[in-house]
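# Working through the structure, step by step
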Amino acid sequence: RIAERISSHKNIHAVIGHACSATSRATQKIYADSKILQIAPSANANSLTEKNINSFFRLCGTDLRHAKQIANFIAEKLQSKKIAIAYMQDAHNQNLANAVTEQLVILDSNPVLHYAIQKKQNLLKLMKKLDHLNIDAVFIAGNHTAISATLDELYKKQMQIPVITSDAAATN
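Note that this is a predicted model, so its numbers are computed, not measured.

By the secondary structure assignment, Ser109 is in the loop between helix 5 (91-106) and strand 5 (113-117). Discounting residues that sit within four places of it in the chain, Ser109 has contacts with Ala75, Ser80, Ile83 and Leu104.

If you want it as structure tokens, here you go:
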């Protein structure tokens, strides 16, 4: 609705936003049809630029670009052999986790665990699995709440595992 109201104003020529990919995707056509420039500062879904809408621009990299960087860091810099991928069960984080997994496979560093974080009780199961599998690096795609809860559990269990997080770790 907001995008429709914005697009009805003749004096508005550009929108800086929306913050997430889902909202940016939902508004792209509305703004494009109204010839309004859309600049998305943090929307990183690959599909946003695959549509070739010439009035849409993003300021951050795509999920695929992030996934390549994360996978390279885990495989080459950390030289991890037993990698866990944990993610919140929403479209963005699941897609990012899958993209990181795909990139790790390309680098011949297949993750040994792919785990969906559903709730706090689920984190205790994750900790047991990380410990049991002797994981030497974990990537977490999730919001800051899930990431900090996971880090808290690792700290409580005195598990010294490198944790690599998604861009959402910096939001609140």
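Take Thr150: it is sitting in helix 7 (residues 144-156). Beyond its immediate chain neighbours, meaning those up to four positions away, Thr150 contacts Ile117, Leu123, Leu126, Met127 and Ile140.

The next subject is the nonpolar core. If you look at the biggest cluster of nonpolar residues, it comprises 19 residues, and the most contacted ones within it are Ile117, Leu126, Leu130 and Ile161. Counting residues per element, the ones that place at least two in this core are strand 4 (83-88), strand 5, helix 6 (120-132), strand 6 (137-141) and helix 7. If sequence neighbours within four positions are ignored, Ile117 has contacts with Ala86, Tyr87, Met88, Gln89, Asn122, Leu123, Leu126, Ile140 and Thr150. Core analysis: the next-biggest nonpolar cluster, separate from the first, contains 18 residues, Ala67, Ile83, Ala97 and Leu104 among them.

The subject of this paragraph is the pairing of strand 4. The buried fraction of strand 4 amounts to six of the six residues, a majority that puts the element mostly inside the structure. Here strand 4 shows no split at all, with Ile83, Ile85 and Tyr87 on one side and Ala84, Ala86 and Met88 on the other all buried. Relative to strand 6, strand 4 runs parallel, the two sharing five bridges. Across the sheet, residue Tyr87 finds its bridge partner in strand 6, namely Ala141. Examined bridge by bridge, strand 4 and strand 5 share five bridges and lie parallel to one another. In the sheet register, Tyr87 faces strand 5, and the bridge partner there is Ala116.

Moving on: the pattern of salt bridges. Throughout the structure, instances matching the rule amount to two salt bridges. The closest approach of N and O atoms between Asp33 and Lys29, which form a salt bridge, is 2.9 Å. Taken together, the residues span about one helical turn, with Asp33 and Lys29 both in helix 2 (residues 21-33) at a distance of four residues. For Lys29, a relative accessible area of 55% corresponds to the exposed category.

About the cut-offs
Residues numbered from 1 in each chain as written. Predicted model: local features only at pLDDT ≥ 70, side-chain atom pairs only at ≥ 80, totals over all residues. Heavy atoms only, no water. Helix = DSSP H or I, 4+ residues; strand = E, 2+ residues; numbered from the N terminus. Contact = heavy atoms within 4.5 Å. Core = buried A, V, L, I, M, F, W, Y, C linked by side-chain atoms within 4.5 Å. Buried < 20%, exposed > 50% of the residue type's maximum accessible area, 1.4 Å probe, protein only. Pairing = 2+ DSSP bridges. Salt bridge = Lys/Arg side-chain N within 4 Å of Asp/Glu carboxyl O.

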